[in-house]
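# Chain and residue survey
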Amino acid sequence: MRILGISCYYHDAAACLIKDGKIVAATEEERFTRVKHDISFPINAINYCLEEAGIKGKDIDYVGFYEKPLLKFERLLSQHLEMFPKSFWSFYKALPSWINEKLRVPSTIRKKIGYKGDILFVEHHMAHAASSYLVSPFKKAAILTTDGIGEWATTTLGYANGNEITIDKEIHFPHSLGLLYSAVTAHLGFKVNDHEYKVMGLAPYGKPTYYDKFKKLIRINEDGSYKLDMKYFVYHYKLTMPSKRFIKEFGPVRKREEKIEQRHKDIAASLQKITEEVLFHLANHLYKITKMENLCLAGGVALNSVANGKILRNTPFKQIYIQAAAGDAGTSLGVAFYIYNTILGKKRVYVMDNAYHGTHFSTNEIKNYLDKNKIVYLTFKDDNQLVKQTAKLIYENNVIGWFQDRMEWGPRALGARSILSNPTNPKMKEILNLKVKHREHFRPFAPVVTTEDTYDYFEADKPLPIPADFMLIVYPIKKEKRRLLPAVTHVDGSGRLQTIKKSQNKRYYAVIKEFEKLSGVPILVNTSFNIRGEPIVCTPEHAYRCMMGTGIDYLIMDKFLIARKDNPKDMWDSEKTIND
Amino acid sequence: MAQSRFYLLRDIWSFMKERKKWWLLPIAIMLILVGILIVIGQSSSLSPFIYALF
Amino acid sequence: MNNAVVFFKGFKQGFRNFSHLITDIVNFVLLFIVYFTGIGIVSIISKLFGKHFMDLKSSGSSWVVRKLKKRPIEEYYRLF
């Protein structure tokens, strides 16, 4: 039985195809269109999924959509009815897309993919809940979902047993932890729904001196719920987010080109503190009502890996699971599994313990691409040579573009479309920023470590949660090890680690172990393989173009080694065309 | 098939009836009329602003 | 001949821009009417009867109890 799940029209359009309860393919539309967080109908992602399964649209048994459009539309109209006449511009901007697209989902799906059946619509937060629980290893679990907004719900508490999921209670718009985080993101001059992770990275540079001010705008109730004081926000009727009162309290909005000052860092730190407090409060209340040991998290706020790393220490939960694409892209997966396991009642047969569900290219396809474009390359004679040579190049402080096997699902690069480099070099952060990533100075680079060595270097939870495999958890690096890892140790001594087992990615694991023989450290810098402002690379062409447009020294693509310096004809400067 | 022609109108009507949201009726009528005009006029969807949450 | 081609290309682009402008104006007018009549009338009458559509000001718990579980499959075919 084949089920296709679709999410689109808000941010991170994606598609996921499952067959008999297991993932065949899952991928985000942005990887194909090269538009970050692309919201459009994910026809490319869907076509890839169908191609991977060797089927056409008419062969799909069920198609699921990740929300209930009429409920969302009702909420939208409610906003305008409540805020009339202040909300006209917001109404004017929003309505055409509802009329043209968002209320016509069944006809759109049938027309674009040739599917003849009916579409199943699952509530947004149920899709989030399912996206975590139904692919977790748990037979029962408490479930906490938090995001910006679904139909009405922004936060839900629930539980699951076997195949059944219950959403017990929820908090409604406009009271939203996700929108609070986004409002501050906007206030700090970053892009909403795109750069919240930058605010999270900025927080350790500040002190929570604005914490008391944040307590004024979010009230945490005894019963675990929270409420925003809407006098500080305007997102419920305008196209911007913080109100004049918010600006009076926290200072003027930072323009993007303005320097980041201590005030901004302190606001970020205070926001992170209050967000964690609300999350722990919610999770503790959830434990009280469910008494379950396992916790599943989902929703955009579940991408806050700093908070995730503290949940088990601040609540009675013993184990935690967060699926790789915890945000809206993941709801396409959630709706597919919800249909299969819950609605149709089929047995759960799958646990997601790796995120390699996207596009892949055969050795021949890659070779044909290189030859057709007259790219100079070398071929490794075997895996052993590939691993040894890659580790040596990394050890020699080269920046390596690593393009192998199936592309990752979710926002993180996890060793399929990664840039790898030497974490022991104190200058590596500077080198990476200068040559490749051109990031803000405060943003850390992240480490990948072999699973069995994690506790030697990180103060991690025991047992090690699966979300660490998806780079969704931040742990402190052990004090005595920080000087060994200057490139991946954040200013507060933490690292957003990826843990990797041999069974998950043999080649990637082998390179790390080989690097350990040279350096004594089984850790690499792992950052996403992309030009700044673009999504992670998807095809060999994207990978080569990225290397040639940045300062990446070598590209290891399947068993081929391409050196940037050997191909001067294709060099170009990506910084001249950046849109970030 | 549940989503045959006019599924949207049918679902809007069912929604208003079941959830007793009769206040939606005048808006729904106006939107349907305007919707027909806009779709006929083939206006393109406006790109969402960075704060488009809707 | 070249001049004619350039002229027609420019004319086509100009006409396209004009039609987009007309579409924008028409959209604006239509949505203005919908907003101020459809939304406005309902909003004003509701406020006169003290009805609110969003919880902005109340104190106390924010929880909305749902107990949302699996429903019969036919309910999932609906857009609500």
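Residues numbered from 1 in each chain as written. Chains lettered and ligands numbered in written order. Predicted model: local features only at pLDDT ≥ 70, side-chain atom pairs only at ≥ 80, totals over all residues. Heavy atoms only, no water.

Another point: the overall build of chain A. What chain A contains, in helices and strands, is 19 helices and 21 strands. By the compact-globule yardstick of 25 Å for 580 residues, chain A fits well, its C-alpha radius of gyration being 23 Å. In chain A, the share of contacts with a sequence separation of at least 24, taken over all contacts with a separation of at least 6, comes to 71%. Looking at chain A as shown, the accessible area adds up to about 19600 Å², and 50% of this sits on carbon and sulfur atoms. Averaging the locations of the 85 positively and 65 negatively charged side chains of chain A gives two centres separated by 2 Å. (Helix = DSSP H or I, 4+ residues; strand = E, 2+ residues; numbered from the N terminus. Rg over C-alpha atoms; globule rule 2.2 N^0.38 Å. Contact = heavy atoms within 4.5 Å. Areas by Shrake-Rupley, 256 points an atom, 1.4 Å probe, with all protein chains shown as cover. Lys, Arg positive; Asp, Glu negative; His and termini not counted. Charge placed at Lys NZ, Arg CZ, Asp CG, Glu CD.)

The interface of chain C with chain A comprises 39 residues on the first partner and 61 residues on the second. Both sides of the chain C and chain A interface together cover about 4400 Å² of buried area, and 65% of this is carbon and sulfur. Three residues, C:Tyr35, C:Trp63 and C:Leu79, lead the burial of chain C against chain A; their summed loss comes to 20% of the area buried on that side. Connecting chain C to chain A are five salt bridges. For A:Asp168, the salt bridge is made with C:Lys67, and the minimal N-O distance between the two is 2.5 Å. Residue assignment for the side of chain C that touches chain A shows that the elements contributing at least two residues are α1 (2–48), β1 (63–68) and α2 (73–76) of chain C. The residue inventory of the side of chain C that touches chain A, partitioned by class, reads 21 nonpolar, nine polar and nine charged. Here strand β8 (residues 164–172) of chain A runs beside β1(C); their pairing, made up of four bridges, is antiparallel. In the sheet register, A:Lys169 faces β1(C), and the bridge partner there is C:Val65. (Buried area = accessible area lost by both parts, 1.4 Å probe. Salt bridge = Lys/Arg side-chain N within 4 Å of Asp/Glu carboxyl O. Nonpolar A, V, L, I, M, F, W, Y, C, P; charged D, E, K, R; others polar. Pairing = 2+ DSSP bridges.)

The next thing to look at is the domain arrangement of chain A. All names here are of chain A. We note that the domain assignment places domain 1 (1–66 + 85–121 + 332–352), domain 2 (172–322) and domain 3 (363–577) within chain A. Here domain 1 and domain 3 have C-alpha centroids that lie 31 Å from each other. A combined buried area of about 1300 Å² lies between domain 1 and domain 3, and 56% of that area is made up of carbon and sulfur atoms. Contact with domain 3 buries area across many residues of domain 1, yet Arg-31, Arg-34 and Met-352 alone supply 52% of it, more than any other trio. The salt bridge partner of Glu-534 is Arg-34, with a shortest N-O separation of 3.7 Å. With five residues, the top contributor of residues to the side of domain 1 that touches domain 3 is strand β3 (residues 22–28). The residue inventory of the side of domain 1 that touches domain 3, partitioned by class, reads ten nonpolar, two polar and six charged. (Domains from an automatic or database assignment.)

Before going further, it helps to spend a moment on the sheet that holds strand β12 (residues 319–322) of chain A. Sheet architecture is open: six strands sit in the order β12(A)-β11(A)-β6(A)-β7(A)-β8(A)-β1(C), paired in mixed fashion. Here the strands that pair on one side only, and so sit at the sheet edges, are β12 of chain A together with β1 of chain C. For this sheet, the mean angle separating the axes of adjacent strands, direction not counted, is 20°. As paired strands, strand β7 (residues 153–161) of chain A and β8(A) are joined by eight bridges and run antiparallel to one another. Looking at β8(A), one finds that A:Gly158 is bridged to A:Ile167. Its contacts with the sheet put helix α12 (residues 305–314) of chain A on β11 (294–298) and β12 of chain A, and the angle it makes with β12(A) is roughly 155°. (Axes fitted to C-alpha atoms, helices over the stretch in contact; angles between N-to-C directions.)

By a frequent convention, interface size equals the accessible area lost on bringing the separate parts together. Each partner contributes to the interface: chain A provides 44 residues, whereas chain B provides 27 residues. Taking both sides of the interface into account, the surface hidden between chain A and chain B amounts to around 3100 Å²; carbon and sulfur atoms contribute 69%. The interface formed by chain A and chain B holds one salt bridge in total. Between A:Glu74 and B:Lys21 there is a salt bridge, and its shortest N-O distance comes to 2.8 Å. Counting across the chain A and chain B interface gives two residue pairs in polar contact (both at pLDDT 80 or more). For the side of chain A that touches chain B, the secondary-structure elements that each account for two or more residues are α3 (69–83), α4 (88–102), α5 (105–113), β5 (119–121) and α7 (177–187) of chain A. Looking at the side of chain A that touches chain B residue by residue, the class counts come to 26 nonpolar, nine polar and nine charged. (Polar contact = N/O pair within 3.5 Å; in protein donor to acceptor, adjacent residues only side chain to side chain.)

All names here are of chain A. Contact pair α3 / α4: the axes reach a minimum separation of 12 Å and the direction vectors enclose 160°. In this view, α3 runs roughly antiparallel relative to α4, as classed from their interaxial angle. Seen along the crossing, α3 lies across α4 with a hand that is left-handed. Packed against α3, whose contacting residues are Pro-69, Lys-72, Phe-73, Leu-76, Leu-77 and His-80, the element α4 presents Ser-90, Phe-91, Leu-95, Trp-98 and Lys-102 at the interface. Per-class residue counts for the contact of α3 with α4 are seven nonpolar, two polar and two charged. (Parallel < 35°, antiparallel > 145°, perpendicular 65-115°, else oblique. Left-handed = near helix turned anticlockwise from the far one by under 90°.)

Further remarks concern the state of the cysteines. Residues and elements named next belong to chain A. All told, the structure shown has zero disulfides over all chains when counted by the stated rule. Not engaged in a disulfide, the cysteine Cys-16 finds its nearest cysteine sulfur in Cys-49; these two sulfurs lie 6.6 Å apart. The buried category is assigned to Cys-16, whose relative accessible area is 0%. Free cysteine: Cys-546, not disulfide-bonded; nearest cysteine sulfur from Cys-538 at 13 Å. (Disulfide = S-S within 2.5 Å. Buried < 20%, exposed > 50% of the residue type's maximum accessible area, 1.4 Å probe, protein only.)

As a further point, take the pattern of salt bridges. Residue and element names in this part refer to chain A. Scanning the model with the defined rule gives 35 salt bridges over all chains in all. Salt-bridge contacts for Glu-440 lead to Arg-443; the nearest nitrogen and oxygen are separated by 3.2 Å. Its salt-bridge partner being Glu-516, residue Lys-513 comes within 3.1 Å of it at the nearest N-O pair. In this pair, Lys-513 and Glu-516 are both assigned in helix α18 (residues 506–519), three residues apart and thus about one turn of the helix distant. Residue class for Lys-513 comes out partly exposed when judged on its relative accessible area of 22%. With relative accessibility at 25%, the residue Glu-516 sits in the partly exposed group. The network of salt bridges with shared partners includes Glu-452, Asp-453, Lys-513 and Glu-516.

A:Ile165, A:Leu180, A:Phe214, A:Phe233 and A:Met352 are the most contacted members of the largest nonpolar core, which has 137 residues in total. Residue contributions to this core peak at ten residues, all from helix α11 (residues 262–290) of chain A. Core analysis: the second largest hydrophobic core is formed by 60 residues, A:Cys49, A:Tyr115, C:Tyr35 and C:Phe53 among them. (Core = buried A, V, L, I, M, F, W, Y, C linked by side-chain atoms within 4.5 Å.)

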